[in-house]
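Listed below are the residues making up each chain.
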Amino acid sequence: MPHSTHWGEWRKYNADGLHGADALAAGLEAMVTGIASGPDTKRGIAARLRYLTASKAGREAMAAQGISRRALAAWTAGKRSPSPKSRAALDRAYWGLRRQRVVAHIKRRLAREGRGTRIEIDPVDQTRVAPGRRRDLNVRRITLRPTTWATAVDAWAEGDTTGLEAVWDDVMADLGSDGEAYEYVSSVGWAA
């Protein structure tokens, strides 16, 4: 993800972190649950096939990943097993469809009856930065409004990195005068 740098060369002195938009996306991704069995196991393959073949949207998701009807028929009939490349495509189709289907649920959870959800922003890790070069940064907490969450979730679901960056720019602005110091963070977390 390309990012502008408001804070300058923040890694120059060995600070460690990731862009706030990436941390936000990781948190949203963690809210998506699904099949626990791996895509390389017989059980995991069978579960993904059941889920994806149960709906038109699932079949479309597989087609979008390059899975042909012929291959699908051979797999479901037990005549062939998916190759490693096909298992990866099957897994991408599964998780892509899961994301699409949980978007509304995630928005409802984060809206919290119109109140929004409070996030905790952990600043970049400066443990490897020489003491004289460290910035005085604290954990920050801020409540994101339901409309902000809706925008963030939509951008995440569509893979819109620019949209997520715009949301994070708004978060930094809401933090006040030192907001730019939180362009890059260790993590962003919330309970929902």
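The rules behind the values
- Residues numbered from 1 in each chain as written.
- Predicted model: local features only at pLDDT ≥ 70, side-chain atom pairs only at ≥ 80, totals over all residues.
- Heavy atoms only, no water.
- Pairing = 2+ DSSP bridges.
- Helix = DSSP H or I, 4+ residues; strand = E, 2+ residues; numbered from the N terminus.
- Contact = heavy atoms within 4.5 Å.
- Axes fitted to C-alpha atoms, helices over the stretch in contact; angles between N-to-C directions.
- Polar contact = N/O pair within 3.5 Å; in protein donor to acceptor, adjacent residues only side chain to side chain.
- Buried < 20%, exposed > 50% of the residue type's maximum accessible area, 1.4 Å probe, protein only.
- Phe/Tyr/Trp six-rings, centres within 6.5 Å; stacked < 30°, edge-to-face > 60°.
- Core = buried A, V, L, I, M, F, W, Y, C linked by side-chain atoms within 4.5 Å.
- Domains from an automatic or database assignment.
- Expected span 1.5 Å × (residues − 1).
- Buried area = accessible area lost by both parts, 1.4 Å probe.
- Salt bridge = Lys/Arg side-chain N within 4 Å of Asp/Glu carboxyl O.

1. Focus on the sheet that holds strand β3 (residues 140-144)
Point 1. On the basis of which strands lie adjacent, the open sheet formed by four strands has the order β1-β4-β2-β3 and antiparallel pairing. Because the sheet does not close on itself, it has two edges, and the strands there are β1 (18-19) and β3.
Point 2. Sheet topology note: the strand β2 (residues 117-123)/β3 ladder contains five bridges and is antiparallel. Paired with glutamate 120 across the two strands is arginine 141, which belongs to β3.
Point 3. Here helix α7 (residues 161-174) sits on the sheet in contact with β1, β2, β3 and β4 (184-189), set at roughly 85° to β2.

2. Thoughts on the environment of aspartate 40
Point 1. Topologically, aspartate 40 is positioned in the loop between α1 (20-30) and α2 (42-53).
Point 2. Considered as a pair, aspartate 40 and serine 83 are 43 residues apart in the sequence and their alpha carbons are 9.4 Å apart.
Point 3. At 3.0 Å, the side chain of aspartate 40 and the side chain of arginine 87 are in polar contact.

3. Quick look at the pairing of β2
Point 1. Only one face of β2 is covered, namely the face carrying Thr117, Ile119, Ile121 and Pro123; the face carrying Arg118, Glu120 and Asp122 is uncovered.
Point 2. Judged from the four bridges that link them, β2 and β4 form a sheet pairing that is antiparallel. Following the sheet pairing, proline 123 is matched in β4 by valine 185.

4. A closer look at the environment of isoleucine 106
Point 1. Locating isoleucine 106 in the fold gives a position in helix α5 (residues 84-111).
Point 2. Exposure remark for isoleucine 106: the relative accessible area of 0% places this residue in the buried category.
Point 3. Distance in space between the C-alpha atoms of isoleucine 106 and glycine 34 is 14 Å, their sequence separation being 72 residues.
Point 4. Residue contacts for isoleucine 106: discarding those within four places in its chain leaves Leu28, Met31, Val32, Val153 and Trp156.

5. Topic: the packing of aromatic side chains
Point 1. Inspection of every chain in the model, using the stated rule, returns three aromatic pairs.
Point 2. Between tyrosine 51 and tyrosine 94, the ring centres sit 5.0 Å apart and the planes meet at 75°, which makes this aromatic pair edge-to-face. Taken together, the positions of tyrosine 51 in helix α2 and tyrosine 94 in helix α5 put the pair 43 residues apart, joining distant regions of the chain.
Point 3. Taking the centre distance of 4.9 Å and the plane angle of 65° together, the rings of tryptophan 149 and tryptophan 190 count as edge-to-face. In this pair, tryptophan 149 is assigned in helix α6 (residues 146-158) and tryptophan 190 in the segment after β4, connecting sequence segments 41 residues apart.

6. A closer look at the nonpolar core
Point 1. If you look at the biggest cluster of nonpolar residues, it comprises 54 residues, and the most contacted ones within it are Ile119 and Trp168.
Point 2. Broken down by element, the residue count for this core peaks at ten residues, all from α5.
Point 3. Residues lining this core come from more than one domain, with at least three contributed by each of domain 1 (18-31 + 114-190) and domain 2 (42-109).
Point 4. Look past the residues within four positions of tryptophan 168 in its chain and what remains in contact with it is His19, Gly20, Ala21, Leu24, Ile119, Ile121, Tyr182, Glu183, Val185 and Val188.

7. Things to note about α2
Point 1. With twelve residues, α2 extends 16 Å between its outermost C-alpha atoms, agreeing within 8% with the 16 Å of an ideal straight helix rising 1.5 Å per residue.
Point 2. Gly44, Ile45, Ala47, Arg48, Leu49, Tyr51 and Leu52 are the residues of α2 that are buried.
Point 3. Considering only its buried residues, α2 is in contact with α3 (56-64), α4 (69-76) and α5.

8. Looking at the domain arrangement of the protein chain
Point 1. Considered domain by domain, the protein chain is made up of domain 1 (18-31 + 114-190) and domain 2 (42-109).
Point 2. Centre-to-centre separation of domain 1 and domain 2, based on C-alpha positions: 32 Å.
Point 3. Each side of the interface is counted separately: domain 1 has nine residues, and domain 2 has five residues.
Point 4. When the two sides are added together, the surface that domain 1 and domain 2 hide from each other amounts to roughly 730 Å², 69% of it contributed by carbon and sulfur.
Point 5. Here domain 1 and domain 2 share two salt bridges between them.

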